[in-house]
Amino acid sequence: MTTFSELTTMRVGGPIGELARARSAQELVDLVRDADAEGRPVLVMGGGSNLVVGDQGFDGLVVQTAAADIDVRGEFLTVGAGAAWDDVVVASLAAGLGGLEPLSGIPGTAGGTPVQNVGAYGTLTSELLHSLTVYDRASGEVETWGPEHCGFVSHRQSAFKHSDRWVVLDLTFGLRRTTKSAPIHFADLAARLDIPTRQTAPTTAVRTAVLGLRSERRMVLDPDDHDTWSVGSFFINPVLTEVPEKAAACPRYPDPAGIKLPAGWLIDHAGFPPGYGRRFGRGTVALSSKHALAVTNRGGATTADIMTFAAHVRDGVEKAFDIRLGPECDLVNCAFDETGALA
Ligand SMILES: Cc1cc2nc3c(=O)[nH]c(=O)nc-3n(C[C@H](O)[C@H](O)[C@H](O)COP(=O)(O)OP(=O)(O)OC[C@H]3O[C@@H](n4cnc5c(N)ncnc54)[C@H](O)[C@@H]3O)c2cc1C
């Protein structure tokens, strides 16, 4: 029996009741519609790079998206939900279309990108998305939405984030026919490109620079490197209406819903630096050695180990700053509600 530990990048999680791969949008709709009609629980997943499932697994139908067609028409690129995201970026550049290059190297599928409005180096999915097709499990209808319909209201939020009502079938990105990037605002990326911030660079050079920076931070999947056995950022950057006194020194950024604080800074400054955790438990879980935001499986971790460790970090941050961190990834049949007392 297949387990989630085989299908997710954190490599934890128990057995899958029944696994199906949907090779077309129609197959995806049919599988979900039939399971709903029978009253069976359904979980739709892509690359498992933002998903942690409990050790008891999922007793129902898990549908992996596998429709991977990529179609370019003029400045529009349409992709099936199951296309590997980085293949989409490569195809866009090969077609002479610019815009997606800052999102190079992000694991997972195209269908996963609107779920948490995936972003990197100052570019968000929502800024380049022209439209998407969804299957509405409540009405049984297939609908086409513009980005304004998707609930991209705040950092990493969308209509899809805390709801399994809609299944993303395909997405169309509106790009620019250019080999020149948009102005680069990220200082690290500009430095790597050897240009001042706010200048542009060749799109292919931006891709190479982004992949280099991501590799150094272990944000590109590598099966031999436990720093990448993660979901990327485990904790979401908190968005607050008021910053607690204890967190006065924390950098802050504007967000449509309030003030966004970097969770990585809070974790690091609460006494959990990169690499923290190896002394604890059975040595199966620790923060990435490169940055404090990624909880990583050092080999042999269970979901329970991950949850206990996440609760321990969350409690330490709350004690230090009066801010309670929540997960950025989707937790299915697991939670870190308990106090994180480590053995
Ligand atoms: C090393 C590493 C680096 C990362 N770097 C970044 C980064 O820079 N920026 C960033 O934003 N994220 C990053 N991530 C997180 C992750 O890669 C993205 O969130 C990705 O888009 C998830 O896609 P997926 O196909 O793997 O989704 P999954 O993990 O399979 O699923 C995640 C959620 O989306 C839902 N879902 C998936 N497909 C569909 C669909 N077709 N319709 C409806 N719901 C669906 C699932 O039900 C689940 O709730 C990183 C992760 C890792 C492991």
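Cut-off values and rules
Residues numbered from 1 in each chain as written. Predicted model: local features only at pLDDT ≥ 70, side-chain atom pairs only at ≥ 80, totals over all residues. Heavy atoms only, no water. UniProt positions renumbered as here; feature names shortened; annotations may be inferred. Pairing = 2+ DSSP bridges. Helix = DSSP H or I, 4+ residues; strand = E, 2+ residues; numbered from the N terminus. Buried < 20%, exposed > 50% of the residue type's maximum accessible area, 1.4 Å probe, protein only. Near = heavy atom within 4 Å. Polar contact = N/O pair within 3.5 Å; in protein donor to acceptor, adjacent residues only side chain to side chain. Areas by Shrake-Rupley, 256 points an atom, 1.4 Å probe, with all protein chains shown as cover. Nonpolar A, V, L, I, M, F, W, Y, C, P; charged D, E, K, R; others polar. Contact = heavy atoms within 4.5 Å. Domains from an automatic or database assignment. Buried area = accessible area lost by both parts, 1.4 Å probe.

Within an unreviewed UniProt entry, the label attached to the chain reads UDP-N-acetylenolpyruvoylglucosamine reductase, and the organism entered is Actinomycetospora corticicola. Of the comments in the UniProt record for the chain, the one headed Catalytic activity (unreviewed entry) reads "UDP-N-acetyl-alpha-D-muramate + NADP(+) = UDP-N-acetyl-3-O-(1-carboxyvinyl)-alpha-D-glucosamine + NADPH + H(+)". What UniProt records for the chain under Sequence similarities (unreviewed entry) is the sentence "Belongs to the MurB family."

Here we come to the sheet that holds strand β14 (residues 239-240). Taken together, three strands build an open sheet; the order of strands is β14-β16-β15 and the sheet is antiparallel. Strands at the two margins of the open sheet, each flanked by one partner only, are β14 and β15 (253-255).

A separate point is the pairing of strand β10 (residues 129-136). For β10, the buried fraction is high: seven of the eight residues fall into the buried class. Relative to strand β12 (residues 166-174), β10 runs antiparallel, the two being bridged by seven bridges. Directly across from L132, in β12, lies its bridge partner L171. As defined by bridge partners, β10 adjoins strand β11 (residues 142-145) across four bridges and the pair is classed as antiparallel. Residue pairing across strands places L132 opposite W145, the latter belonging to β11. The hairpin formed by β10 and β11 contains five residues between the paired strands, and G140 there has a positive phi angle of roughly 80 degrees.

As a structural note, the neighbourhood of the ligand is formed by 33 residues, with V44, S49, N50, T109 and D330 the closest of them. Here an oxygen atom of the ligand sits 2.7 Å away from a polar atom, N or O, in the main chain of G46. In this structure, an oxygen atom belonging to the ligand sits 2.5 Å away from a side-chain N or O atom of D330. If the ligand stood free it would expose 980 Å²; the protein chains cover 94% of that surface. Counting only elements with at least two residues in the shell around the ligand, the list comes to β2 (42-45), β8 (119-120) and β12. Element by element, the count of residues in the shell around the ligand is highest for β12, at three residues. For the shell around the ligand, the class distribution of residues is 14 nonpolar, 16 polar and three charged.

The next thing to look at is the UniProt feature "active site" (unreviewed entry) in the chain. Mapped onto this numbering, the UniProt entry gives "active site" (unreviewed entry) at R156, S233 and E328. Spatially, the listed residues are clustered: although they cover 173 residues, their C-alpha atoms lie within 11.2 Å of one another. By secondary structure assignment, the location of R156 is in the loop between β11 and β12. R156 gets classed as buried once you look at its relative accessible area, which sits at 14%. Contacts of R156, omitting those with residues within four sequence positions, involve Q116, N117, V118, G119, L124, K161, I236 and E328. Reaching out from R156, the side chain makes a polar contact with the backbone oxygen of N117 at a distance of 3.2 Å. Locating S233 in the fold gives a position in the loop between α6 (203-216) and β14. Setting aside its immediate chain neighbours within four residues, S233 contacts M219, L293 and E328.

Before going further, it helps to spend a moment on the domain arrangement of the chain. Note: interface size is frequently given as the accessible area lost on complex formation between the parts. For the chain, the assigned domains are domain 1 (4-65), domain 2 (70-216) and domain 3 (226-332). The interface of domain 1 with domain 3 comprises 14 residues on the first partner and 19 residues on the second. Buried surface at the junction of domain 1 and domain 3, summed over both partners, amounts to about 1,300 Å²; 56% is from carbon and sulfur atoms. Considering only the surface of domain 1 that becomes buried against domain 3, M10, N50 and V52 emerge as the three largest contributors, covering 46% of it.

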